[in-house]
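Below, each chain spelled out in residue letters.
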Amino acid sequence: MIIAVDIGGTKLAASLVHNQQILESRRISTPKSGASGDLSHALEQLITPFLRQGKQVVVASTGIINQGRLTAVNPDNLGGLNDFPLQSVIEGISGLPVKLLNDAQAAAWGEFYQLESTCQNMAFITVSTGVGAGLVINSSLQTGSSGLAGHAGHTTIDIQGPVCGCGRTGCVEAIASGTAIGTLASERYGISMDAKAVFERFHQGEQDARFIIHRSASAIAQLISNLKALLDIEVAVLGGSVGLADGYLDLVQYYITQQPALFQVDTRLAQLGHDAGITGAALWASQ
Ligand SMILES: [Zn+2]
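What comes next is a walk through the structure. (Residues numbered from 1 in each chain as written. Predicted model: local features only at pLDDT ≥ 70, side-chain atom pairs only at ≥ 80, totals over all residues. Heavy atoms only, no water.)

Comments concerning the packing of aromatic side chains
And step 1. Overall, the coordinates contain 5 aromatic pairs when judged by the stated rule.
And step 2. Ring geometry for W109 against Y113: centres 5.6 Å apart, planes inclined by 70 degrees, an arrangement best described as edge-to-face. On the criterion of helical spacing, the pair formed by W109 and Y113 is a turn pair, its members being 4 residues apart in helix α3 (residues 103–114).
And step 3. Among the residues examined, Y113 registers a relative accessible area of 35% and is labelled partly exposed.
And step 4. Connected via pairs of aromatic rings, a cluster forms that spans W109, F112 and Y113.
And step 5. Positioned above the aromatic ring of W284 is the side chain of K99, whose terminal nitrogen or guanidinium carbon lies 6.0 Å from the ring centre.
And step 6. For R201, the ring lying beneath its charged end belongs to Y189, and the centroid distance is 4.5 Å. (Phe/Tyr/Trp six-rings, centres within 6.5 Å; stacked < 30°, edge-to-face > 60°. Helix = DSSP H or I, 4+ residues; strand = E, 2+ residues; numbered from the N terminus. Buried < 20%, exposed > 50% of the residue type's maximum accessible area, 1.4 Å probe, protein only. Lys NZ or Arg CZ within 6 Å of the ring centre and 35° of its normal.)

With respect to empty space enclosed by the protein
And step 1. As enumerated under the stated definition, the model contains 2 cavities of 30 Å³ or more in all.
And step 2. The space that makes up the second largest cavity amounts to roughly 40 Å³.
And step 3. D6, K11, A13, S15, S25, R27, H274, D275 and I278 are the residues that line the second largest cavity.
And step 4. At the level of secondary structure, the elements contributing two or more residues to the lining of the second largest cavity comprise β2 (11–18) and β3 (21–29).
And step 5. No other element matches β2, which puts 3 residues into the lining of the second largest cavity. (1 Å grid on protein atoms, 1.4 Å probe; cavity = no way out; pocket = protein on both sides within 12 Å on 5 of 7 lines; lining within 4 Å. Points joined across faces, edges and corners; volume = space filled by probe spheres on them.)

Quick look at the sheet that holds strand β13 (residues 266–269)
And step 1. An order of β11-β10-β9-β12-β13 is seen for the 5 strands of this open sheet, with the pairing classed as mixed. Each of the sheet's edge strands pairs with one partner strand only, and the pair in question is β11 (140–142) and β13. When strand polarity is set aside, the average angle formed by the axes of neighbouring strands in this sheet is 25 degrees.
And step 2. Across 3 bridges, the pairing between strand β10 (residues 131–137) and β11 is antiparallel. Residue pairing in the sheet places I137 in a bridge with S140 of β11. (Pairing = 2+ DSSP bridges. Axes fitted to C-alpha atoms, helices over the stretch in contact; angles between N-to-C directions.)

A word on the pattern of salt bridges
And step 1. Across all of its chains, the model carries 6 salt bridges by this definition.
And step 2. The closest approach of N and O atoms between D6 and K11, which form a salt bridge, is 3.5 Å.
And step 3. Here D208 makes a salt bridge to R188, at a shortest N to O gap of 3.0 Å. Pair noted here: D208 is in helix α7 (residues 207–231) and R188 is in helix α5 (residues 178–189), with a separation of 20 residues, a long-range link.
And step 4. Among the residues examined, D208 registers a relative accessible area of 26% and is labelled partly exposed.
And step 5. On the basis of relative accessibility, which here comes to 40%, the residue R188 falls in the partly exposed class. (Salt bridge = Lys/Arg side-chain N within 4 Å of Asp/Glu carboxyl O.)

So, the pairing of β2
And step 1. Counting buried residues in β2 gives 6 out of 8 residues, a clear majority hidden from the surface.
And step 2. Relative to β2, strand β1 (residues 2–7) runs antiparallel, the two sharing 6 bridges. Bridge pairing in β2 places I7 opposite L12.
And step 3. Counted along the chain from β1 to the antiparallel partner β2, the turn is 3 residues long.
And step 4. Summarising the sheet, β2 and β3 pair through 8 bridges and their orientation is antiparallel. Among the inter-strand pairings, A13 is bridged to a residue of β3, identified as R27.
And step 5. Hairpin connection, β2 to β3: the antiparallel pair is bridged by 2 residues, and N19 has positive phi, about 50 degrees.

Below you can see the structure in the form of C-alpha cells.
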C-alpha cells in the first residue's frame, strides 16, 4: 500500500494507492503564508490518517526536487515558499521510506502508461497556473541531474516577450499559462479576470479573449514542435485546467499543422485528469 501525496500551488492531496487503484483520498488547501512550518503542519494533518496502512510514501510536488529539498522555479506558484526540506519532513511525519518527484514528471509517467507501449518518446505538458512538463525518453522518465528535466515552460519562445516569474524573458509560461492569460486579459479589459472568465468570453466570440487564447495555444504549439526538434517525441499529451479547457486542444493542433511536417506531433488530451500526479507517482514508486 502506497501513500501518494500531491503538493500543488492551491491544494494538497494524499491518497492510499494499491495496485494502481486509488482507494481513498484526502484534500486540503495549500497554506497561503509561504511559511515552512505551516506546510509541515498541513502535510502532517493530511498524511497521518493513512499511516497505519501505508508501507511507503511518494510525493509529487510542484517545483524542483533536488537532493530531498523542494525549491521553486517561480516562487509565486508556491505562495512564496522557496526552499523546503521535503524529504526529511515527510520522513519525520511518517517514519516510512519516502520518494520524491516533480508533479509534472509524475503525471508524465502516469500518462505514459495510458499510452500502453504505443510509443517510447513522449512529452506531457500541463497548462494551468504555470506551464509544466515531463519527458519520457526511450520509455524512461527523465528527472535530470538536479531535478530540472522537463521544465519546458521556462524555455523561451519570444525574446521580446514578458518577463517570467523565473527571471527569464519570454518563457512559454509567461505567455501561455492561466496566470498569463488572466494578466493580459486584465490589462486589455481593465478589470481583474482569471483564465476561466477569459475562456467564457472566448466562447462568446469576443475579439480580445480570442486573441489571448490563440496566443496561448500558439505558444504551446511552438513548444511541442521545439520538443520534436530536440527529442523527436512521438506523442504530446496535454493536461491542466487550460490544456483540458473546451476547444483548446483544437487550437494547439491547428497551430501545429502550421509548422513544417517534420516538426508536427500527434497531440492528445491527458486521460488521468486531476489524479495524474498521484497515479503516476504511485506507479513510479512501485517499480
Ligand atoms: Zn520562466
